[in-house]
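# Descriptive structure summary
Read off the chains here:
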Amino acid sequence: MYGYYGYDTLFLAVIVVFILGIWAQIRVKNTYKKYSQEYASSGVTAANMAERMLREHGSSVQVTMIPGSLTDNYNPRTGLVSLSQGTYGSTSVAALAVAAHEIGHVMQHQEGYIPIKIRNAILPAASIGSSAAPYIVILGAIMGSYSLAMIGVYLFLAMLIFQIVTLPVELNASSRGLEMLESGGYISYDQRGDAKAVLKAAAMTYVVAAISTLVSFLRLLMIAGNSRRRN
């Protein structure tokens, strides 16, 4: 498992994931650009739509604009849905889909969606794991301490679980967003597939991120295993 073939396979996996990551980012940008040229049938801006959705669901969350492109996010601690400059005032299908996705996250928090609770609970350990775990594993390998190396592996496992749990969270937010777009009459029936394409392209970036984290986890596990063999 830890021989040259294992390293060769893992190295190949790293390259594949790197290529997938580039492809996913290009796909998101191209899909967003394509449907940014298609205007929603309602003629409502993404910001106005988001505010209406929030009011309809009795939410006190506010909508604001932030710099950048595709930097849209929802921060439950500040109670703000931040829409990027390209999204905020746009009436395109792409902009409305992105904004509706963020409102989907608001609804998740408001309703106590279980996967998002799990993700939030894991976040502290995942944050430590993503930054400190590789160094702990390497230090354990240098010192020949399997126990120390495995501490790093377990910390990084929290990051892997976080990424895996993120997938249903993001997919559910997109599903909620798409449903609100349709039920609110913000897009026509014919535009549903286009909005879904935007959200699907964005979701692929999270899939690639989870795969990338898995590959990194296996790499750290392999390094930890080598430290045990040297004892």
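Before going into details, it helps to say that this report is about the structure given with it. Remember, predicted model here, so these are calculated numbers, not experimental data.

## Regarding the nonpolar core
In terms of nonpolar packing, the biggest core is built from 34 residues, with Met49, Met53, Val81, Leu96, Ile103 and Leu181 touching the most fellow members. When residues of this core are traced back to their parent elements, those giving at least two are α1 (4-35), α2 (46-56), β3 (80-84), α4 (93-111), α6 (146-183) and α7 (192-229). The element contributing the most residues to this core is α4, with eleven residues. Ranked by size, the runner-up nonpolar core spans twelve residues in total, among them Ala141, Met150, Val153 and Ile223.

## Brief notes about the sheet that holds strand β1 (residues 62-66)
With respect to topology, three strands assemble into an open sheet ordered β1-β3-β2, the strand pairing being mixed. The outermost strands of the open sheet, each flanked by one partner alone, are β1 and β2 (73-75). The mean inter-strand angle of the sheet, taken between neighbouring strand axes irrespective of direction, is 25°. With five bridges connecting them, β1 and β3 associate as parallel partners. Across the sheet, Gln62 pairs through a bridge with Leu80, a residue of β3. Where α4 meets the sheet, it contacts β2 and β3, and its direction lies at approximately 25° from that of β2.

## Section: a nonpolar patch on the surface
There is a patch of nonpolar side chains on the surface, built from Phe11, Ile15, Phe18, Ile19, Ile22 and Ile26 and spanning about 610 Å² of accessible area. Relative accessible area serves as the criterion here: at 41%, Ile22 is assigned to the partly exposed category.

## Notes on the packing of aromatic side chains
Applying the stated criterion across every chain yields a total of zero aromatic pairs. The ring of Tyr113 carries the charged tip of Arg176 above its face, separated from the ring centre by 5.5 Å.

## Notes on the environment of Ser131
Here Ser131 shows up in helix α5 (residues 114-143). Here Ser131 falls in the partly exposed class, since its relative accessible area comes to 43%. Looking at Ser131, its side chain comes within polar contact range of the main-chain oxygen of Ile128, at 3.3 Å.

## Focus on the environment of Gly144
Within the secondary structure layout, Gly144 lies in the loop between α5 and α6. Gly144 sits in the buried class, given a relative accessible area of 15%. Distance from Gly144 to Leu80, taken between C-alpha atoms, is 48 Å for residues 64 residues apart in sequence.

Calculation notes
- Residues numbered from 1 in each chain as written.
- Predicted model: local features only at pLDDT ≥ 70, side-chain atom pairs only at ≥ 80, totals over all residues.
- Heavy atoms only, no water.
- Core = buried A, V, L, I, M, F, W, Y, C linked by side-chain atoms within 4.5 Å.
- Buried < 20%, exposed > 50% of the residue type's maximum accessible area, 1.4 Å probe, protein only.
- Helix = DSSP H or I, 4+ residues; strand = E, 2+ residues; numbered from the N terminus.
- Pairing = 2+ DSSP bridges.
- Axes fitted to C-alpha atoms, helices over the stretch in contact; angles between N-to-C directions.
- Contact = heavy atoms within 4.5 Å.
- Patch = residues over 30% accessible without salt bridge, like charges linked within 9 Å, V, L, I, M, F, W, Y side chains within 5 Å.
- Areas by Shrake-Rupley, 256 points an atom, 1.4 Å probe, with all protein chains shown as cover.
- Salt bridge = Lys/Arg side-chain N within 4 Å of Asp/Glu carboxyl O.
- Phe/Tyr/Trp six-rings, centres within 6.5 Å; stacked < 30°, edge-to-face > 60°.
- Lys NZ or Arg CZ within 6 Å of the ring centre and 35° of its normal.
- Polar contact = N/O pair within 3.5 Å; in protein donor to acceptor, adjacent residues only side chain to side chain.

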